[in-house]
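# Tertiary structure, described
Residue-level listing of the chains:
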Amino acid sequence: MQEFEIKIKVRECTLTELPESDRLLVEAAQEATRTSYVPYSRFHVGAAILMADGEIVAGSNQENAAYPSGTCAERTTAYYAAASHPGIPMKKIAIAAWTSHDKPEGLPWEEYFQANPISPCGACRQALLEYEARDGAIEVILYGRDKTYIFPSVASLLPFCFTEF
């Protein structure tokens with residue numbers, strides 16, 4: 001039996017430390033949270049994808065009473081990006097989330113966002129990974145009010161991923 005360790009390279013910064021182009025992508029993800037349909041969880045998630053042609057595509061999570069018929073923000077955005085920009089690779093994705101649950105009314109918009117970044121679920125990781133396997137690495141920016149994580153690729157979020165389909 002052999003034991004080994006998996007190491008993942010992650011950069012941590014604040015929003016203001018990001019390059020302007022990455023800040024704009026995070027801001028698009030933040031803005032996309034406003035279009036979430038989340039009457040059950042009240043957990044608003046937005047995603048924004050930078051396409052290789054410079055376009056930014058954004059989307060949000062959409063819930064449904066016929067659970068699990070809803071869709072996460074990351075898949076909503078990736079599927080829309082692929083459908084509306086066929087053949088154009090995805091270069092980066094930014095994800096932001098907030099909830100009004102247990103927070104007082106009237107806080108400034110920025111205060112509702114999660115203090116720490118949230119990460120995509122396994123289904124979203126696999127969906128994004130298939131685009132990455134086809135077109136090359138997709139950098140992942142996970143926004144949190146107090147800190148932001150930057151991963152070099154979707155695969156770095158999904159050790160032991162499968163890409164042989």
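Anything mentioned here points back to the structure above.
Below: a short report on this structure. (Residues numbered from 1 in each chain as written. Predicted model: local features only at pLDDT ≥ 70, side-chain atom pairs only at ≥ 80, totals over all residues. Heavy atoms only, no water.)

### Quick word on the overall build of the protein chain
Our working rule: Helix numbers and strand numbers start at the N terminus; a helix is a DSSP run of H or I with at least 4 residues, a strand a run of E with at least 2. Atoms considered for the radius of gyration are the C-alpha atoms alone. The globule rule reads 2.2 Å times the number of residues to the power 0.38. For every residue, the accessible area obtained with a 1.4 Å probe (protein chains only) is divided by the maximum for its type, and the residue is called buried under 20%, exposed over 50%, and partly exposed between those limits. Computed by Shrake-Rupley with a 1.4 Å probe, the accessible areas treat only the displayed protein chains as cover when residues are assessed. Under the counting rule used here, the positive set is Lys and Arg, the negative set is Asp and Glu, and His together with the chain ends is not counted. The atoms used to mark charge sites are NZ of Lys, CZ of Arg, CG of Asp and CD of Glu.
When its secondary structure is counted, the protein chain shows three helices and six strands. Relative to the 2.2 N^0.38 estimate, which gives 15 Å for 165 residues, the radius of gyration of the protein chain is 16 Å and therefore close to what a compact globule would have. Overall, the protein chain is about 50 × 40 × 30 Å in size when its C-alpha atoms are taken along their principal axes. A burial count over the protein chain gives 41% of its 165 residues as buried. Summed over its atoms, the accessible surface of the protein chain is roughly 9300 Å², and 52% of this surface lies on carbon and sulfur atoms. Charge separation in the protein chain, taken as the distance between the mean sites of 14 positive and 22 negative side-chain charges, equals 2 Å.

### Thoughts on the sheet that holds strand β5 (residues 139-143)
Note the following rule: If DSSP finds at least two bridges between two strands, the strands pair. Fitted lines through C-alpha atoms give the axes, limited to the stretch in contact for helices. The angle between two N-to-C directions lies from 0 to 180 degrees. Working rule for contacts: check all heavy atoms of both residues, and any pair within 4.5 Å makes them a contact.
Pairing in this open sheet of six strands is mixed, and the strands run β1-β6-β5-β4-β2-β3 from one edge to the other. Two strands in the sheet have a free side with no partner beyond their single neighbour: β1 (11-13) and β3 (56-60). On average, each strand axis in the sheet is tilted by 15° relative to the strand beside it, whichever way the strands run. Taken strand by strand, helix α2 (residues 73-84) contacts β2 (43-51), β3 and β4 (90-99), and its axis lies near 30° from that of β2.

### Overview of helix α3 (residues 122-135)
What counts, and what does not: The span one expects for a helix is its residue count, reduced by one, times 1.5 Å.
With 14 residues, α3 should cover 20 Å at 1.5 Å per step; its first-to-last C-alpha distance of 20 Å lies within 8% of that length. Three or more residues of α3 are buried, namely Cys124, Arg125, Gln126, Ala127, Leu128, Leu129, Tyr131 and Glu132. The inward-facing, buried residues of α3 abut α2 and β4. Of the residues trailing α3, glycine 136 is marked for its positive phi of about 110°.

### Description of the packing of α2 against α3
Note the cut-off: Should an angle lie under 35 degrees it is considered roughly parallel, over 145 roughly antiparallel, and from 65 to 115 roughly perpendicular; all remaining angles are considered oblique. Crossings are classed by handedness, with left-handed meaning an anticlockwise turn of the near helix from the far one by less than a right angle and right-handed meaning a clockwise turn. Note on residue categories: nonpolar means Ala, Val, Leu, Ile, Met, Phe, Trp, Tyr, Cys or Pro, charged means Asp, Glu, Lys or Arg, and polar means any other residue, Gly included.
For the pair α2 and α3, the least separation of the axes is 9 Å and the interaxial angle reads 20°. As summarised for this structure, α2 and α3 are arranged roughly parallel, according to the angle between their axes. Note on packing geometry: the crossing formed by α2 with α3 is left-handed. Residues Glu74, Arg75, Ala78, Tyr79 and Ala82 of α2 pack against Ala123, Cys124, Ala127, Leu128 and Tyr131 of α3. Its residues assigned to classes, the contact of α2 with α3 shows eight nonpolar, no polar and two charged.

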